[in-house]
Amino acid sequence: MSETSASVGAEVREPQPGDRATGLGSWPGTDVREAARTIVGEVPGLPYVPELPARGAGADMVGRTAALLVDLAVEVWPSGYRVARRPGGEHRRAEELLARDIDAIDEALGEAGAHPPAVKCQVAGPWTLAAGIELRSGHRVLTDRGALAEFAASLGEGLRTHVAELARRTEAPVVVQIDEPTLPAVLAGSLTTPSGYGTVGAVPGADARALLEQTVRAARGAGAAAVAVHCCHPTPPLALIGATSPDAVAVDLLALGGADAPKEVLDALGELWEAGTELWLGAVPSTDPATEPELQPLAQPALDLADRLGFDRARLADRAVVTPTCGLAGASPAWARRATGTTVELARAFADPPEHW
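Cut-offs used in this document
Residues numbered from 1 in each chain as written. Predicted model: local features only at pLDDT ≥ 70, side-chain atom pairs only at ≥ 80, totals over all residues. Heavy atoms only, no water. pLDDT = per-residue confidence, 0-100. Contact = heavy atoms within 4.5 Å. Core = buried A, V, L, I, M, F, W, Y, C linked by side-chain atoms within 4.5 Å. Buried < 20%, exposed > 50% of the residue type's maximum accessible area, 1.4 Å probe, protein only. Helix = DSSP H or I, 4+ residues; strand = E, 2+ residues; numbered from the N terminus. Pairing = 2+ DSSP bridges. Polar contact = N/O pair within 3.5 Å; in protein donor to acceptor, adjacent residues only side chain to side chain. Expected span 1.5 Å × (residues − 1). Axes fitted to C-alpha atoms, helices over the stretch in contact; angles between N-to-C directions. Parallel < 35°, antiparallel > 145°, perpendicular 65-115°, else oblique. Left-handed = near helix turned anticlockwise from the far one by under 90°. Nonpolar A, V, L, I, M, F, W, Y, C, P; charged D, E, K, R; others polar. 1 Å grid on protein atoms, 1.4 Å probe; cavity = no way out; pocket = protein on both sides within 12 Å on 5 of 7 lines; lining within 4 Å. Points joined across faces, edges and corners; volume = space filled by probe spheres on them.

## Describing the confidence of the model for the protein
A residue-level look at the protein finds 96% of positions with pLDDT of 70 or above and a mean pLDDT of 94. Segment residues 2-9: pLDDT under 50, and 20 contacts once partners within four positions in sequence are set aside and those in other chains are kept.

Structure, rendered in structure tokens:
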């Protein structure tokens, strides 16, 4: 976010400490306009195009990213998404849902008279996309090197149109978040084959890095002001992700274990931060907690992390962004709103810590 303060066309307000907060994409319910209004109101520094997977096929991470693909289409089978010979009703529905989502964030910004420093969109990364779509044979796209390359190139082309439209509609720089929740399974070779009795072979780290790096470059080439790679797995491949040179890496801080994370995880986080990469720290529960959490306990894992890594806590205000631990699709609408507002409260507190911290 540090490089996204210049507006594309409209005058933006002065940066605020609470601007260093955002959500990771998904939202509960089916009312996209209400979701967009809430997002614009609660995270004015980096509002984002909402994802509402409760609307069904085409509205989830893989389906909405498939809607961006150029000269490729998908259809829905009992086993999930499958490559289609030509766009059908299911593919067109995914495109229509994504168009409504862009309309919703555009309208919400207009209604609020808001000119944010940047807006964000989310797409499934190449490995998560290729793991979540089947070839017509029933095997995953990632098992076919030619198909894998075709999908990655198509995604890059689709990003050009998507980023350009979002920038034009919102008159703001666009941050692209690349979601790779399936990448650890791709690297581990733990994804199942169509029969369910075998597993897909592990992808070498060098191959995984090269394709993800291609998508990071494609997002920048599409006009993205910044690119974040998000993996909320408890053991994300941080060194590999960092090698693709994103502007930010988003993690579930609580799933990692905070300052008690394994040494290799802490080392990788420290190297990313030392290199100037922003850390997007998932610090607020993404589902309804049993009791309302207080701000200081929510902040403590991030404070402890900075201490453990040997950085001044002020770095949390300068080179970190606060997020929920993951998407909010599994939360109640009330908690989704509260969690989103709490990320802003935490960002403000990191910039101006209470004395007792």
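Still to come is the rest of the account.
## So, the nonpolar core
Residues Trp127, Ile133, Leu142, Val176, Leu281, Leu316 and Phe350 are the most contacted members of the largest nonpolar core, which totals 108 residues. The biggest single contributor to this core is helix H5 (residues 145-170), with nine residues. Discounting residues that sit within four places of it in the chain, Ile133 has contacts with Val62, Ala66, Val74, Tyr81, Arg82, Val83, His139, Arg140, Val141 and Phe151. Formed by ten residues, the second largest nonpolar core is a distinct cluster that contains Leu24, Ala118, Ala248 and Trp280.

## Describing the sheet that holds strand S2 (residues 80-84)
Taken in spatial order, the three strands of this open sheet run S1-S2-S4, and their pairing is mixed. Only two strands of the sheet have a single partner each, and these edge strands are strand S1 (73-77) and strand S4 (133-134). Sheet topology places S2 next to S4; two bridges connect them, and they run parallel. When the bridges of S4 are listed, Tyr81 appears paired with Ile133.

## Thoughts on the side chain of Arg20
Relative to the assigned elements, Arg20 resides in the segment before helix H1 (32-42). Judged by its relative accessible area of 13%, Arg20 is buried. Among the polar contacts made by the side chain of Arg20, one reaches the main-chain carbonyl oxygen of Ala320 at a distance of 3.0 Å.

## Some words on helix H7 (residues 205-221)
Here H7 contains 17 residues, and its C-alpha end-to-end distance of 24 Å stays within 8% of the 24 Å for a straight helix at 1.5 Å per residue. Buried residues of H7: Ala208, Leu211, Leu212, Glu213, Thr215, Val216, Ala218 and Ala219, and no others. Turning to H7, the residues buried within the fold contact helix H4 (126-132), H5, strand S5 (174-179), helix H6 (183-188), strand S6 (226-230) and helix H8 (238-243). In the stretch just after H7, Gly223 is the one whose phi turns positive, near 110°.

## Things to note about the sheet that holds S6
The strand order across the open sheet built from six strands is S3-S5-S6-S7-S8-S9, with neighbouring strands paired in parallel fashion. Strands with a single pairing partner mark the edges of an open sheet, and in this sheet they are strand S3 (119-124) and strand S9 (320-324). Direction aside, neighbouring strands of the sheet carry axes that sit 25° apart on average. Note: S5 against S6, five bridges, orientation parallel. Note that in S6 the partner of Ile178 across the bridge is Val229. Across the face of the sheet, H5 comes into contact with S3 and S5 while running at roughly 160° to S3.

## Description of the packing of H1 against helix H13 (residues 333-351)
At their nearest, the axes of H1 and H13 sit 9 Å apart, and the two run at 20° to each other. Between H1 and H13, the angle falls in the class roughly parallel. Judged by the twist between their axes, the crossing of H1 over H13 is right-handed. Across the interface between the two elements, Glu34, Thr38 and Glu42 of H1 pack against Arg337, Thr340, Gly341 and Val344 of H13. When grouped by side-chain class, the residues that make up the contact of H1 with H13 number one nonpolar, three polar and three charged.

## Thoughts on the packing of helix H11 (residues 295-309) against H13
For the pair H11 and H13, interaxial distance at closest approach is 10 Å and the crossing angle is 60°. Taken as axis vectors, H11 and H13 run oblique relative to one another. Between H11 and H13 lies a crossing whose hand is right-handed. Contact residues: H11 offers Leu295, Leu298, Ala299, Ala302 and Leu303, while H13 offers Thr342, Glu345, Leu346, Ala349 and Phe350. Partitioning the contact of H11 with H13 into residue classes produces eight nonpolar, one polar and one charged.

## A closer look at empty space enclosed by the protein
As enumerated under the stated definition, the model contains one cavity of 30 Å³ or more in all. As a volume, the largest cavity reaches approximately 30 Å³. Lining the largest cavity, in full, are Ala57, Gly58, Val74, Glu75, Val76, Tyr81, Glu90, His91 and Ala94. Among the secondary structure elements, those contributing two or more residues to the lining of the largest cavity are S1 and helix H3 (89-112). Each residue belonging to the lining of the largest cavity can be placed in one class, and the counts come to five nonpolar, two polar and two charged.

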